[in-house]
Amino acid sequence: MATKMPKVPVVIVGMGWLGGIIAAELSKQGVKVVGLERGKPRATEDYYMVHDELRYAQRYDLMQDLSKETITFRNTSKMTALPMRSYGSFLIGEGLGGAGIHWNGQTYRFLPYDFEIYSKTVERYGKKKIPDGMMIQDWGITYDELEPYFYKFEEVAGISGEQEQTPLVGKRSKPFPTKPMMKTPILKMFEDATKKLGYHPYMMPSANLSEQYTNSDGITRAACQYCGYCERFGCEYGAKADPVVTVLPVANKTGNFELRTYSNVVEVQHDGKKATGVVYVNTVTGERFEQPADVVILASYVFNNVRLLLTSKLGKPYDPKTGKGVVGKNYCYQTNGGSATGFFDDKEFNLYAGAGSLGMEIPDFNGDNFDHTDLNFLHGAGIRISQTGQRPIATNPVPKGTPTWGAEFKKQSLKYANSTLTVSPQGSSLPWQHHYLDLDPTFKDAYGLPLMRITFDFEDQDREMIKYVASKSEEIMKEMNPTSIGVSNKLGPYNIVPYQSTHNTGGAIMGADPSTSVVNSYLQMWDAENVFVVGASAFPHNSGYNPTGTVGALAYRAVDGIAKYLKNGGMVV
Amino acid sequence: MAEQHNYQPPDKSRRQFLKYSGAAISGAVIGGVIGGAIAGGFKKKAPVPTPTPTTPGGQAAAADYNQATMYFTQSQLQITQAAVERIFPKDDLGPGAAELGVAYYIDHQLASPWGINGREYRIGPYVKGEATQGDYQSINRTEVFNLGLIAIQQASMKKYNNKFPDLTDEQKDAILTLLEKGDIEVINGITGTSFFNLLRTLTLEGAYADPLYGGNKNMQGWKMRKYPGNQMSYANIMEKAEFVAMKPMSLRDHIAH
Ligand SMILES: Cc1cc2nc3c(=O)[nH]c(=O)nc-3n(C[C@H](O)[C@H](O)[C@H](O)COP(=O)(O)OP(=O)(O)OC[C@H]3O[C@@H](n4cnc5c(N)ncnc54)[C@H](O)[C@@H]3O)c2cc1C
Ligand code: SF4
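As the structure is a computational prediction, the values presented were derived from the model and not from experiment.

## Focus: the overall build of chain A
Consideration 1: Counting secondary structure elements, chain A contains eleven helices and 24 strands.
Consideration 2: Relative to its length of 573 residues, chain A is compact, with a C-alpha radius of gyration of 23 Å against a globular reference of 25 Å.
Consideration 3: Overall, chain A is about 70 × 55 × 50 Å in size when its C-alpha atoms are taken along their principal axes.
Consideration 4: Taken over 573 residues, chain A has a buried fraction of 67%.

## A short note on the site of ligand 1
All names here are of chain A.
Consideration 1: Taken together, 35 residues are adjacent to ligand 1, and Glu37, Arg38, Gln106, Asn304 and Thr548 come closest.
Consideration 2: Between Asn546 and ligand 1, the recorded distance is 3.4 Å, taken from a side-chain N or O atom to a nitrogen atom.
Consideration 3: Contact with the protein chains hides 99% of the accessible area of ligand 1, taken as 1,000 Å² for the molecule alone.
Consideration 4: Those elements that provide at least two residues to the shell around ligand 1 are helix H1 (17-28), strand E10 (263-270) and helix H8 (301-311).
Consideration 5: In terms of residue count, the dominant contributor to the shell around ligand 1 is E10 (three residues).
Consideration 6: Partitioning the shell around ligand 1 into residue classes produces twelve nonpolar, 19 polar and four charged.

## Overview of the interface of chain B and chain A
Consideration 1: Across the boundary between the two partners, chain B contributes 85 residues, which contact 81 residues of chain A.
Consideration 2: Between chain B and chain A, roughly 6,700 Å² of surface is buried when both sides are summed, and carbon and sulfur atoms account for 58% of that area.
Consideration 3: At the surface where chain B touches chain A, the tally comes to 41 residue pairs in polar contact (both at pLDDT 80 or more).
Consideration 4: Of the residues that constitute the side of chain B that touches chain A, the class distribution is 43 nonpolar, 23 polar and 19 charged.

## Here's the deal with the side chain of Arg86(B)
Consideration 1: Structurally, Arg86(B) can be placed in helix H3 (residues 74-87).
Consideration 2: Side chain to side chain, Arg86(B) and Asp169(B) meet in a polar contact 3.4 Å long.

## Focus on the sheet that holds strand E4 (residues 71-74) of chain A
All names here are of chain A.
Consideration 1: In spatial order, the strands read E5-E4-E20-E19; together these four strands make up an open sheet with mixed pairing. The open sheet has two free edges, formed respectively by strand E5 (82-83) and strand E19 (436-444), since each of these has just one partner strand.
Consideration 2: Note: E19 against strand E20 (residues 450-455), five bridges, orientation antiparallel. The partner of Asp438 across the bridge, within E20, is Arg453.

## What about the site of ligand 2?
Consideration 1: If you check the shell around ligand 2, you find Asn208(A), Cys224(A), Gln225(A), Tyr226(A), Cys227(A), Tyr229(A), Cys230(A), Cys235(A), Tyr237(A), Lys240(A), Gly354(A) and Ala355(A) and nothing else.
Consideration 2: Residues of the shell around ligand 2, tallied by class, amount to eight nonpolar, three polar and one charged.

## Digging into the packing of H1(A) against helix H7 (residues 247-254) of chain A
Residue and element names in this part refer to chain A.
Consideration 1: Contact pair H1 / H7: the axes reach a minimum separation of 8 Å and the direction vectors enclose 35°. In this structure, H1 crosses over H7, and the sense of that crossing is left-handed. Contacts from Trp17, Gly20, Ile21, Ala23, Ala24, Ser27 and Lys28 in H1 reach Val247, Leu248, Val250, Ala251 and Thr254 in H7.

## Topic: the side chain of Gln137(A)
Residues and elements named next belong to chain A.
Consideration 1: Considering the arrangement of structural elements, one finds Gln137 in the loop between helix H4 (117-125) and helix H5 (143-157).
Consideration 2: Classification of Gln137 by relative accessible area gives buried; the value is 12%.
Consideration 3: At 3.2 Å, the side chain of Gln137 forms a polar contact with the side chain of Lys329.
Consideration 4: If we skip the residues at most four places from it in the chain, Gln137 touches Ile117, Tyr118, Lys329, Asn330, Ile509, Met510, Thr516, Ser517 and Pro540.

## Looking at empty space enclosed by the protein
Residue and element names in this part refer to chain A.
Consideration 1: Taken as a whole, this structure holds eight cavities of 30 Å³ or more when the rule is applied.
Consideration 2: Of the pockets and cavities examined, the largest cavity occupies roughly 130 Å³.
Consideration 3: In terms of lining, the largest cavity is formed by 15 residues, of which the most central are Tyr108, Arg109, Gln165, Val169 and Tyr202.
Consideration 4: Here the residues of the lining of the largest cavity sort into nine nonpolar, three polar and three charged.

## Observations concerning the packing of aromatic side chains
Residues and elements named next belong to chain A.
Consideration 1: Counting across every chain of the model gives 44 aromatic pairs over all chains.
Consideration 2: For the pair Trp17 and Phe153, a centre-to-centre distance of 5.2 Å together with 75° between the ring planes defines the contact as edge-to-face. Taken together, the residues span a long stretch of sequence, with Trp17 in helix H1 and Phe153 in helix H5 at a distance of 136 residues. No difference in accessibility class separates Trp17 from Phe153, as the two residues are buried.
Consideration 3: Here a set of aromatic residues connected by ring pairs shows up, and it is made of Phe73, Phe90, Tyr301, Phe303, Tyr331, Tyr333, Phe456, Phe458 and Tyr494.
Consideration 4: A cation sits over an aromatic face here: Lys129 above Tyr125, 5.6 Å from the ring centre.

Procedures and definitions
- Residues numbered from 1 in each chain as written.
- Chains lettered and ligands numbered in written order.
- Predicted model: local features only at pLDDT ≥ 70, side-chain atom pairs only at ≥ 80, totals over all residues.
- Heavy atoms only, no water.
- Helix = DSSP H or I, 4+ residues; strand = E, 2+ residues; numbered from the N terminus.
- Rg over C-alpha atoms; globule rule 2.2 N^0.38 Å.
- Buried < 20%, exposed > 50% of the residue type's maximum accessible area, 1.4 Å probe, protein only.
- Near = heavy atom within 4 Å.
- Polar contact = N/O pair within 3.5 Å; in protein donor to acceptor, adjacent residues only side chain to side chain.
- Areas by Shrake-Rupley, 256 points an atom, 1.4 Å probe, with all protein chains shown as cover.
- Nonpolar A, V, L, I, M, F, W, Y, C, P; charged D, E, K, R; others polar.
- Contact = heavy atoms within 4.5 Å.
- Buried area = accessible area lost by both parts, 1.4 Å probe.
- Pairing = 2+ DSSP bridges.
- Axes fitted to C-alpha atoms, helices over the stretch in contact; angles between N-to-C directions.
- Left-handed = near helix turned anticlockwise from the far one by under 90°.
- 1 Å grid on protein atoms, 1.4 Å probe; cavity = no way out; pocket = protein on both sides within 12 Å on 5 of 7 lines; lining within 4 Å.
- Points joined across faces, edges and corners; volume = space filled by probe spheres on them.
- Phe/Tyr/Trp six-rings, centres within 6.5 Å; stacked < 30°, edge-to-face > 60°.
- Lys NZ or Arg CZ within 6 Å of the ring centre and 35° of its normal.

Pasting the structure below:
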């Protein structure tokens, strides 16, 4: 039996980046909010021993405990999905702040093209350009409508970037709140090479603060120390924008926010029309609680957002055979490949130093910034160089043909430890009818609920794109003048084993039409007006950029929607 | 041109400061206090020597009580030691895996929650899938190691009629190559290749993880590749064109003594 808690106006499931944003904004408006987080509480003081590659980067200290819960995966529906038993392709967050604690902080905006991808593709190339089975659709919102919300997230986080921007990316109403990160010799080499080739390099927008900064909530944070332990680590300086050092202190100060950690939500309760609350399990004592609420917000990352809808039987499940139904539809990822590594025999760089979002990008081959008429793929990739701090266990590049162990490996890996640079594309991922999320029929989590099952693979679209952008990476690396180059321009099948990125998207996508989307442009559920599903789960496809700048913007827009709903009820669009 | 850069380890005042500010932090100012003080104050202090009581090479230093086994038998330790030394051998650039303490590192890891796959999904059924779905892991890592080391020993006996640690370097390499290629089977569902890859990863971890874990003895792994371990800040070297060599620091340097 579950203990029934007193009803609250708003309950949030998951206190990561987006849960934190929503808690702060609603509690500032005087709304009482309860935040449920399955993991433990966290504070900056936890990170004084954080510069430990083994514990955090190799053993995933900050990530979800897979013994309780994981996902299952198969490439196609003909295969039997198997659980991801140990970490690989992506790393799911757990604990206060979620993956917002151990992200890199690379904070891009998606392109105007992304939000109207279907219309703009048809307009420029005609309907025939879109292959059978590819499910690209407009997002139900334009870049210009989302622009103020992009800025809101950037202002709170203190995103660092260049004042002048190339017209190849979306127009900004206001400059970045802080100056760009330092342009190191490595970045300068990339800048010179790409400029010479006629491209448009710019500094990567960064959530590692370039300078001390105070945001409009009065939160002051220190500048990044370029410590080289950023991605997969917490920041001991509070320089990296994360929920615990930005939005959560604001929520706490209002007196309207109550955080409950060790609280794993297992069900969204509803009457068929509206949600009535959630059920959660205290992960320490095993006790069950019912938390009734007027509004339920799912902010439990892509997988649990979709899983909770399916296990709670909320919304219409997607059917890959007919392409009908919506929950689980348009699962996408990030297509990484096509990088070019340069080995510089007589140069040494300070590669041990760096920051999670220290880098540069060219947008020339991203989105529809180049003509696809004679190309057999859509969209593209951001081509980047980054200097995030090369740690010694993970980074041992050797020239092609070198054995992977023994005397020669040791010699070469030591020789090149500080002498290799890599230019890498981060590719978009477009939706297909046969890529989706649903409930696994066999494997269960520690609470007896089915695991999320991923059916996903790379397609010819992805292979052609990688081949194309690999030639650009190589061209840029050549211009940087290394002694030798290694390029990988082939993309195999999607493999769950090697880490690629934690940029999973889709499954509860947004749109203007209830028959093809789960939520509207305020992330309000079409089938349950008091449920808001917040996250990259709302992306109808994934761009050639990291997701969080765009999900942050969507979360701020969702706040406006929730406020409107609390006032007037009904669908807010 | 290499430049000497001495960034001092955090001294007592920093730690006390962090402690107090940590306790005092509430609401508005979070990272600002700590980082601001670091950026503004601590950098300017005179360098203090690293308080690690070791001599170059580590020979004359006090006995290393960490070098005993928590999990391995003597014979398992010896096979592991012999194998990892071939993966990362001693040469004129510096010590190999044996001297770096890699075998002890592996032993200690196997005795940790990682050895029993503590934070991994262990609910069945265990089904062998495609390569894209990851390894078949019906048994935990300690068991994989027990069986893997037996497989190495048996292959050595069969091929050379000698125990693995007693083989010549060339013979050891031949056995490890067979393992790597998957020509030696560990047990149904676990190929020699997966075991070899595990050994290789552990060797790099043992060579380069913070010395607190029992490998990377005296930070010699880091020194070989000019890795400075963990420093508080690199902000003042980021724009330098030349390589900046630093005396490495370990996590021990961040603990109050
Ligand atoms: C290593 C790494 C590097 C990254 N780098 C970048 C980058 O450079 N740029 C970028 O844009 N993005 C990056 N990301 C992605 C970024 O971290 C995410 O986009 C962001 O954190 C998503 O926010 P979220 O609130 O949706 O999820 P999260 O921040 O992960 O928060 C979700 C929270 O929900 C909780 N939760 C889940 N299920 C339940 C449940 N049933 N009950 C209660 N609580 C639950 C989780 O414990 C977690 O705390 C990176 C991610 C990783 C892992
Ligand atoms: S690189 Fe900068 S932002 Fe990242 S953890 Fe280090 S100090 Fe913090």
